[in-house]
Amino acid sequence: MKKLAKSPWLLHYDASSCNGCDIEVLACTTPKYDIERFGIINTGDPFQADILLITGGVNSQCEQVVKQLYEQMPNPKVVVAVGICACTGGVFKDCYNIKGGIDTVIPVDVYVPGCAARPQAIIDGVVKALEILEEKRQGYREHAGKGES
Amino acid sequence: MAKRSIVPFGPQHPVLPEPVHLDLVLEDEVVVEAVPSIGFVHRGLEKLVETKDFKEYVYIAERVCGICSFGHGLGYCQTVEKIMNVEVPPRARYLRTIWMEMSRVHSHLLWLGLLADAMGFESLFMESWKLREKILDMFDATTGGRVIFSVNCIGGVLKDMDDAMLKAITDTCAEMEKELKPIARAFLRDLTVGSRLHGLGVLSAEQANLMGAVGPMLRASGVAYDTRLLGYAAYDELELEPVTAAEGDSFARCEVRIKEIGQSFDLIRQAAAKIPAGPIAVPVKGFPQGEYFTRIEQPRGEAIYYVKANGTKFIDRFRLRTPTTSNIPPMLDMLKGCQLADVPLLILTIDPCISCTER
Ligand code: SF4
């Protein structure tokens, strides 16, 4: 991983999951796993977040909320789908009101499998997301540079 | 009369790990009414029972909720076992008890951490969750999973613990008991914490009974009721005294949960000392026919499981009444008259589990 220039902030949302992956996401921020060492802070405010950690298979009720959160986040942003039910619907795939995966609603950059996803896997996913975030930032900078000239 | 205004609370909120939405009707800073709207985590798991094999459904039942996952598997298995007249071997009953109590320790520590976080006491949150990792390590060693275990099956359990493992568990409990002390002191003695919790959201014993509160919520109002006394799994052979507190406020609820962690350590120790040798599961043949209700004590209170089976491999109806469902009416009652700033804390003191409630 390249050197990090910024401290990315993280937003977590539960889009119809079973809670299993949510408490693992929270466990990642606590002393044993400590993703805060990458300069990450768990914020509750979408307007200040760079990374969206999202769990669950998305039902019809929370679909709007997910879209709204995604739109409220400033560019560039990355989305990490945590847990197999966020990736594909997983165990809830056959349920009558599950859309099946976050990518049916918003674009996803990193998929973290597992039911429940282990903290190590989540950290791995976040680190991947940091790289993608840096790339996207680069893209924006170049884009902005062209605009000026 | 002061002007009324409505403040939306949730579904995405920093304090809540799970989405729930409340419309708070305010008069100045005081809440006069709270109107909940739910459904953000509804997946329709009860319906899934019609299309999944009844043995396979154990895995779905465990994913009703990731915090009380073991209990849901247990409740479902017990109900089906009763319908099919399956006699679960004693060793399996003891193993279930040990895992159930370990779940309680993990769930209560998780709650303590969230409570500290809701008060803005970040270091206490970190300490509680750090301690919780110890019990998760034991889960990892005995079942292979940290939050979802999948060790229950109809007719017993899938994994055994040897003597060395039982000893490791009791040792971990002893160690955790020591490390819990400074955390408990911070919650119960610290002036700042006390000033946030004392006298907040008082629920009298009559009210609690009337509104159908369950679990630590009910016991904190002075009612000594604990479903474990019914003696399912191996609880009939263990010594157990419900933990109660008299005040019925948020502080009492915190105190009850901290004491229950100690009680769980004690139950694990008793069970590890008494556990008999023998098989851990019996083979189950045929399909269930009939219906049955069971009740078990989840970390959050009494949960009710109902199964109606029709003699095929698919079950007709599975119904689950979770503790949070019964704790929401008293919570809405408590919210009336409180300050807006106390709302997140009050919601947390019932230890809400939305994922269970909405399934
Ligand atoms: S992936 Fe599994 S553990 Fe994670 S939220 Fe989904 S069902 Fe729960």
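We now turn to the structure provided with this report. The structure presented is a predicted model; accordingly, all values stated were derived computationally and were not measured. (Residues numbered from 1 in each chain as written. Chains lettered and ligands numbered in written order. Predicted model: local features only at pLDDT ≥ 70, side-chain atom pairs only at ≥ 80, totals over all residues. Heavy atoms only, no water.)

With 29 residues, helix H3 (residues 90–118) of chain B should reach 42 Å at 1.5 Å per residue; the first-to-last C-alpha distance of 42 Å fits that figure. Most of H3(B) sits inside the fold, with 26 of its 29 residues counted as buried. (Helix = DSSP H or I, 4+ residues; strand = E, 2+ residues; numbered from the N terminus. Expected span 1.5 Å × (residues − 1). Buried < 20%, exposed > 50% of the residue type's maximum accessible area, 1.4 Å probe, protein only.)

Here we come to the site of the ligand. With respect to spatial proximity, 13 residues lie near the ligand, and among them Cys18(A), Cys21(A), Ile84(A), Cys85(A) and Cys115(A) are the closest. Each of chains A and B places residues near the ligand. The cavity where the ligand resides is the second largest cavity. (Near = heavy atom within 4 Å. 1 Å grid on protein atoms, 1.4 Å probe; cavity = no way out; pocket = protein on both sides within 12 Å on 5 of 7 lines; lining within 4 Å. Sits in = over half its atoms within 2 Å of the grid points.)

Attention now goes to the side chain of Ser17(A). Here Ser17(A) shows up in the loop between strand S1 (9–14) and helix H1 (20–28). A residue is classified by how much of its surface remains accessible, and Ser17(A), at 2% relative accessible area, is buried. A distance of 3.1 Å separates a polar atom in the side chain of Ser17(A) from the backbone nitrogen of Asn19(A). There is a polar contact of 2.5 Å between the side chain of Ser17(A) and the side chain of Asp22(A). Ser17(A) has contacts with Asp22(A), Thr55(A), Gly56(A), Phe92(A), Val41(B), Arg43(B) and Ser355(B), leaving out every residue within four places of it along the chain. (Polar contact = N/O pair within 3.5 Å; in protein donor to acceptor, adjacent residues only side chain to side chain. Contact = heavy atoms within 4.5 Å.)

Take the pattern of salt bridges next. Residues and elements named next belong to chain A. Counting across every chain of the model gives 28 salt bridges over all chains. Across the pair Asp109 and Lys136 runs a salt bridge whose closest N-O atoms are separated by 3.2 Å. With Asp109 in the loop between helix H3 (84–87) and strand S5 (110–112) and Lys136 in helix H4 (residues 119–148), this residue pair connects regions lying 27 residues apart in the sequence. We classify Asp109 as partly exposed; its relative accessible area is 28%. In this structure, Glu134 engages Arg137 in a salt bridge whose closest nitrogen and oxygen atoms are separated by 3.5 Å. (Salt bridge = Lys/Arg side-chain N within 4 Å of Asp/Glu carboxyl O.)

Residues and elements named next belong to chain B. Taken together, the 3 strands give an open sheet; going across it, the order is S6-S7-S8, and neighbouring strands pair in antiparallel fashion. Strands with a single pairing partner mark the edges of an open sheet, and in this sheet they are strand S6 (289–298) and strand S8 (315–321). Strand-to-strand, the axes of this sheet are offset by a mean angle of 10°, without reference to chain direction. The sheet contact formed by S6 and strand S7 (residues 301–310) spans 10 bridges and is antiparallel. Bridging across to S7, Gln298 finds its partner in Gly301. (Pairing = 2+ DSSP bridges. Axes fitted to C-alpha atoms, helices over the stretch in contact; angles between N-to-C directions.)

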